[in-house]
Amino acid sequence: MAIASFIRIAIIRVASFFFFSRRSKVIFYHDIHSDKKYTFQSTSIDLFKKHIQIIRKNGYKIVNKITKEHGEIEICFDDAYLGLYDNIELIKELNIPIHLFVISSFFEKANHINKEQLLLLNKLSQIRISSHTETHQILNKISEKQIISELENSKKFLESFLNKPISSICFPDGQFNKKVLEIAKNIGYNVKYSGLPGFYFDDFLVGVKRRSLVQFAEEKEFKAILKGGDHVLAFWYKFRQYS
Ligand SMILES: [Zn+2]
């Protein structure tokens, strides 16, 4: 059951009036497209460019990794679809860092970035790569053994393929629970990205970061989300994503 979109947007916009402090926050997308679209979750480059413009106009800096309490935005892309690769010149032109979460067994899969393309992206200082598990299983619906293999295999593969440490992960479909967090910690993921909205330094639990999904947000909704208007819905996301 989803909250009807117009009610959701109204709540977010009203709530945003209570935030003035431009606290740092993470936003996320799935892909961007110009003419060819690889997933229904993709954002048009026109809307994406509009978002970047709004972020900058409101005095935020887009950073690779948030280090300041105020004024910083980190942009994540989940699943590593091909549209990001197709439009990489735009990303370079806009000069924005991207935190890309990769599913480590999806390189041969249609509509996804392949291994060579990942290596090319990895060479760009703008792109930071982290894990989005091995096969995108919903982690709170599988056995402990499967969780370990999803988290461990993906970390091992990316570390040896990219020759760099991988210490961040985001959970498929945003779903997780205590067990998942414990396993992630033991495997060496220091930072866990959720889909629960909130500010960067308000960890949901130790090392669990909050993120706002903005892929279809039109101008007014996006401005309200930047300010934190979607945080009032965190209880709803928690109910759906944390068990
Ligand atoms: Zn995903």
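Anything mentioned here points back to the structure above.
Just so it is clear, the structure is predicted and the values come from calculations on it, not from any experiment.

## Quick notes on the packing of helix α6 (residues 144–162) against helix α7 (residues 178–187)
- Relative to each other, α6 and α7 sit at 40°, their axes nearing to 10 Å. Relative to α7, the element α6 is oriented oblique. In this structure, α6 crosses over α7, and the sense of that crossing is right-handed. Only Lys-179, Val-180, Ile-183, Ala-184 and Ile-187 of α7 make contact with α6, whose side of the interface consists of Glu-144, Ile-147, Ile-148, Leu-151, Glu-152 and Lys-155.
- Considering only residue class, the contact of α6 with α7 consists of seven nonpolar, no polar and four charged.

## Points about the packing of helix α2 (residues 45–57) against helix α8 (residues 219–227)
- Running from amino to carboxyl end, α2 crosses α8 at an angle of 45°, the nearest separation of the two axes being 10 Å. Taken together, the axes of α2 and α8 lie oblique to each other. The two elements α2 and α8 meet at a crossing, and its hand is right-handed. Residues Lys-50, His-51, Ile-54 and Ile-55 of α2 lie in contact with α8, whose contacting residues are Glu-219, Phe-222, Lys-223 and Leu-226.
- A class-by-class count of the residues in the contact of α2 with α8 yields four nonpolar, one polar and three charged.

## Quick notes on the nonpolar core
- The biggest cluster of nonpolar side chains holds 61 residues, and the ones touching the most others in it are Ile-55, Ile-75 and Leu-100.
- Ignoring anything within four residues of it in the chain, the contact list for Leu-100 reads Phe-77, Ala-80, Leu-84, Ile-113, Leu-118, Leu-121, Ile-127, Arg-128, Ile-129 and Ser-130.
- The next biggest cluster of nonpolar side chains, apart from the first, holds 10 residues, and it includes Val-26, Val-63, Ile-66 and Phe-101.

Cut-offs and rules
Residues numbered from 1 in each chain as written. Predicted model: local features only at pLDDT ≥ 70, side-chain atom pairs only at ≥ 80, totals over all residues. Heavy atoms only, no water. Axes fitted to C-alpha atoms, helices over the stretch in contact; angles between N-to-C directions. Helix = DSSP H or I, 4+ residues; strand = E, 2+ residues; numbered from the N terminus. Parallel < 35°, antiparallel > 145°, perpendicular 65-115°, else oblique. Left-handed = near helix turned anticlockwise from the far one by under 90°. Contact = heavy atoms within 4.5 Å. Nonpolar A, V, L, I, M, F, W, Y, C, P; charged D, E, K, R; others polar. Core = buried A, V, L, I, M, F, W, Y, C linked by side-chain atoms within 4.5 Å. Buried < 20%, exposed > 50% of the residue type's maximum accessible area, 1.4 Å probe, protein only.

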